2 protein chains.
Amino acid sequence: MFYTETIENEICVLNPDESKHCTSVLRHSNGDIVEVFSRSGEIHTAKIINDSKKNCVLNIIDTKPVYRRPEFLHVAIAPTKNIDRFEWFVEKAVEIGIEEITPIFSEHSERRVLNIERMEKIVISAMKQSMNLSFPQINQPVEFKDFIRLKSKETKCIACCEEKNISFAETIVSGKPTLTVIGPEGDFTKREVETAISKGFIPVSLGRSRLRTETAGMVSCTIFQCITGRFGAKN
Amino acid sequence: MFYTETIENEICVLNPDESKHCTSVLRHSNGDIVEVFSRSGEIHTAKIINDSKKNCVLNIIDTKPVYRRPEFLHVAIAPTKNIDRFEWFVEKAVEIGIEEITPIFSEHSERRVLNIERMEKIVISAMKQSMNLSFPQINQPVEFKDFIRLKSKETKCIACCEEKNISFAETIVSGKPTLTVIGPEGDFTKREVETAISKGFIPVSLGRSRLRTETAGMVSCTIFQCITGRFGAKN
């Protein structure tokens, strides 16, 4: 399975990384039939017509839509100081299922730079691995105080440590898009939480444990899958 | 919160790592009151009586049992070739909640050596971080073919890729210990799955996506928490 951003008419071109993987690693050559997915949410069956090592060209034979689950989860999450941990969250979120990721910077954020291009590479790799070929939207980072003011129709949750809060699992409404906001290692400030609540965010608990930021992100994705029945539980 | 393995009468001693963290990093000194947990499932309030940088000595003032959830989850999982990924699983499993971990080697295992001492260090660190102070049992690695022959009263599941299998979520029986076995990157062989089934293992699905080994492990822990109600969902 390859990824392409370049499709016109019935021709698609692989970038150098994908071309190298296609021709040098997997040793495909002219005439071979392969599958290619794109950001548009389609899978193409295509024949290689130029097995260039840098810009492999393919002729599309057939196209079908990718499976897209009906539910919608958006996770807004503070990038961790240790970038490995954040990349780990992005990879796992794609494996488990997610529709939108927004990196946010809040008062206690220890990281305020993020390479979105690198995040997208991780997304593509995880999509190929997991065969979840519906490309999630990866937004540019935004300040928390601006983010919570954005209008949206989602059920809006802010993950907080207090166990007395309603659980995230209980706030998920079948059929309604869900947004959950997860803070940095130092958590949100009291004022940030209060402001979010005033903007319609529900303070939710992710359970009894104190989870790391990236773990909270992954747990949110999994709880969402569990509650919406995608893990098969009879809810 | 510190960890100790050395308690006798009312005296406990911290090992060099813990002592250094206590006295050099956190700058505690004689007379300070700290909390210490041990493998036995207790938290001790203790006063520092010798603030040695290598072997800090404390006098226990009070002891209480740690919170231990009533459910029991045992995950037997093939260590991944990339050890970072396996260590992430161990860390996340402790954060989310787990009672027992058994590393297993199966036919397609790419890793056949594992430093259990290092795993335990990761466990201790994750316990402090998450405040899940009930020490999970970390077993020595065992061959899959021997492991599945062990007698146990657990509901026994083997994670398989076929979506037509019953979901792991549906096999969890309230009040009964659960064991789930997760294969390596190359999955279990057909014969291994058949042998496990003959020994009473239920083939289960963890959803539609093809999850990496460490992701499957963490998702199992999270689904278990979700279904047993520890994330607050009304099941």
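Predicted model, so just to flag it, every value in this text is computed and none were measured.

*Asks:* Quick question: what am I supposed to make of the overall build of chain A here?
*Replies:* Check the secondary structure of chain A and you find 7 helices and 14 strands. Seen through its principal axes, chain A has C-alpha atoms that stretch 60 × 40 × 30 Å. Put simply, chain A has 235 residues, and 54% of those count as buried. Pairs at least 24 apart in sequence give 70% of the contacts found in chain A among residues at least 6 apart. If you sum the accessible surface of chain A, you get close to 10,800 Å²; carbon and sulfur atoms cover 49% of it. With 32 positive and 32 negative side-chain charges, chain A shows a spacing of 3 Å between the two charge centroids.

*Asks:* Could you clarify how one ought to interpret the nonpolar core in this entry?
*Replies:* Soluble globular proteins: nonpolar side chains tend toward being buried together. Residues Phe 89 and Ile 223 of chain A together with Phe 89 and Ile 223 of chain B are the most contacted members of the largest nonpolar core, which totals 87 residues. Those residues in contact with Phe 89 of chain B that sit more than four places away from it in its chain are Val 75, Ile 77, Ile 98, Ile 101, Glu 214, Gly 217, Met 218 and Cys 221 of chain B.

*Asks:* It is not clear to me how the environment of His 44 of chain A should be interpreted in this structure. Could you clarify?
*Replies:* All names here are of chain A. One can find His 44 in strand 5 (residues 42–50). C-alpha separation for the pair His 44 and Thr 63, spaced 19 residues apart in sequence, amounts to 4.4 Å. Within the local environment of His 44, its side chain forms a polar contact with the side chain of Ser 38, the two groups lying 3.5 Å apart.

*Asks:* Help me understand the relation of the copies chain B and chain A, please; the structure alone is not making it clear to me.
*Replies:* Both copies of the chain are related through a single rotation about an axis accompanied by a shift along the same axis. Overlay of chain B on chain A (RMSD 0.0 Å): rotation 180°, translation along the axis 0.0 Å. Taken together, the turn and the small shift mark the pair as related by a two-fold rotation axis. Here 100% of the contact residues of chain B are again contact residues in chain A; the copies associate through an equivalent surface.

*Asks:* Looking at this structure, I do not really get the interface of chain B and chain A. What am I missing?
*Replies:* Quoted interface sizes are often the accessible area lost when the parts come together. The interface is formed by 36 residues belonging to chain B together with 36 residues belonging to chain A. In this structure, the connection of chain B to chain A is made through 6 salt bridges. Residue Glu 91 of chain A is joined to Arg 212 of chain B by a salt bridge in which the shortest nitrogen-to-oxygen separation is 3.7 Å. The interface formed by chain B and chain A contains 20 residue pairs in polar contact (both at pLDDT 80 or more). When contributions to the side of chain B that touches chain A are tallied by element, the ones reaching two or more residues are helix 2 (83–96), helix 3 (116–130), helix 5 (168–171) and helix 7 (213–227) of chain B. In terms of residue count, helix 7 of chain B provides more of the side of chain B that touches chain A than any other element does, 8 residues in total.

*Asks:* Help me understand helix 6 (residues 190–198) of chain A, please; the structure alone is not making it clear to me.
*Replies:* Owing to its 3.6 residues per turn, the α-helix brings residues three or four apart onto one side. Residues and elements named next belong to chain A. Among all positions of helix 6, only Glu 192, Val 193 and Ala 196 are buried. Down the axis of helix 6, the sector holding all buried residues measures 100°, keeping them to one side. Of the residues in helix 6, the exposed ones pointing more than 90 degrees away from the buried face are Lys 190, Arg 191 and Ser 198. Turning to helix 6, the residues buried within the fold contact helix 4 (144–147) and strand 11 (155–159). The positive-phi residue at the C-terminal boundary of helix 6 is Gly 200, with phi of around 95°.

*Asks:* Can you walk me through the packing of helix 2 (residues 83–96) of chain A against helix 7 (residues 213–227) of chain A in this structure?
*Replies:* How two helices pack is summed up by the angle between their axes together with the distance between the axes. All names here are of chain A. At a minimum axis distance of 8 Å, the contact between helix 2 and helix 7 shows a crossing angle of 5°. As judged from the angle between their axes, helix 2 and helix 7 are roughly parallel. Each of Arg 85, Trp 88, Phe 89, Lys 92, Ala 93 and Ile 96 in helix 2 lies in contact with helix 7, whose residues at this interface are Glu 214, Gly 217, Met 218, Cys 221, Thr 222 and Gln 225. The residue makeup of the contact of helix 2 with helix 7, split by class, is 6 nonpolar, 3 polar and 3 charged.

*Asks:* What is the right way to read the sheet that holds strand 1 (residues 2–4) of chain B from this model?
*Replies:* Whether parallel or antiparallel, the strands of a sheet pair through hydrogen bonds between backbone atoms. Residue and element names in this part refer to chain B. Taken together, the 6 strands give an open sheet; going across it, the order is 1-4-5-6-3-2, and neighbouring strands pair in mixed fashion. At either margin of the open sheet sits one strand with a lone partner, and together these are strand 1 and strand 2 (6–8). Neighbour-to-neighbour, the strand axes of this sheet turn through a mean angle of 40°, independent of strand direction. Strand direction decides the pairing type here: strand 5 (residues 42–50) and strand 6 (residues 57–65), joined by 8 bridges, are antiparallel. By the bridge assignment for strand 6, Glu 42 is matched with Pro 65.

*Asks:* Is there a simple way to explain the pairing of strand 7 (residues 73–77) of chain B in this structure?
*Replies:* Along a regular strand, successive side chains alternate from one face of the sheet to the other. Residue and element names in this part refer to chain B. Judged by how many residues are buried, strand 7 sits mostly within the fold: 5 of 5 residues are covered. Residues Leu 73, Val 75 and Ile 77 point to one face of strand 7 and His 74 and Ala 76 to the other, with burial holding for every one of them. In the sheet, strand 7 pairs with strand 13 (residues 178–182) via 5 bridges, with the strands oriented parallel. In the strand pairing of strand 13, His 74 is matched with Leu 179. Where strand 7 meets strand 8 (residues 100–105), 4 bridges bridge the pair, whose relative direction is parallel. Within the sheet, the bridge partner assigned to Ala 76 lies in strand 8 and is Thr 102. Once you follow strand 7 into helix 2 and on to strand 8, the crossover reads as right-handed.

*Asks:* Would you mind going over the pattern of salt bridges with me for this structure?
*Replies:* Opposite charge on two side chains lets them pair, provided their charged atoms get close. Evaluation of the coordinates by the stated rule reveals 34 salt bridges over all chains. We note a salt bridge from Glu 120 of chain A to Arg 39 of chain A, for which the minimum N-O separation is 2.8 Å. Here Arg 39 of chain A lies in the loop between strand 4 (33–38) and strand 5 and Glu 120 of chain A lies in helix 3 (residues 116–130), a separation of 81 residues in the sequence. In this structure, Glu 91 of chain B and Arg 85 of chain A form a salt bridge, with 2.8 Å as the shortest nitrogen-oxygen distance. With one member in each of two chains, Glu 91 of chain B in helix 2 and Arg 85 of chain A in helix 2 form a pair that bridges those chains. Both residues of the pair, Glu 91 of chain B and Arg 85 of chain A, count as buried. One salt-bridge network, in which partners are shared between bridges, spans Arg 85, Arg 212 and Glu 214 of chain A together with Glu 91, Lys 92 and Glu 95 of chain B.

Cut-off values and rules
Residues numbered from 1 in each chain as written. Chains lettered and ligands numbered in written order. Predicted model: local features only at pLDDT ≥ 70, side-chain atom pairs only at ≥ 80, totals over all residues. Heavy atoms only, no water. Helix = DSSP H or I, 4+ residues; strand = E, 2+ residues; numbered from the N terminus. Buried < 20%, exposed > 50% of the residue type's maximum accessible area, 1.4 Å probe, protein only. Contact = heavy atoms within 4.5 Å. Areas by Shrake-Rupley, 256 points an atom, 1.4 Å probe, with all protein chains shown as cover. Lys, Arg positive; Asp, Glu negative; His and termini not counted. Charge placed at Lys NZ, Arg CZ, Asp CG, Glu CD. Core = buried A, V, L, I, M, F, W, Y, C linked by side-chain atoms within 4.5 Å. Polar contact = N/O pair within 3.5 Å; in protein donor to acceptor, adjacent residues only side chain to side chain. Least-squares fit on C-alpha atoms with pLDDT ≥ 70 in both. Salt bridge = Lys/Arg side-chain N within 4 Å of Asp/Glu carboxyl O. Arc of directions from axis to C-beta. Axes fitted to C-alpha atoms, helices over the stretch in contact; angles between N-to-C directions. Parallel < 35°, antiparallel > 145°, perpendicular 65-115°, else oblique. Nonpolar A, V, L, I, M, F, W, Y, C, P; charged D, E, K, R; others polar. Pairing = 2+ DSSP bridges. Right-handed = clockwise from strand over helix to strand, strands pointing away.

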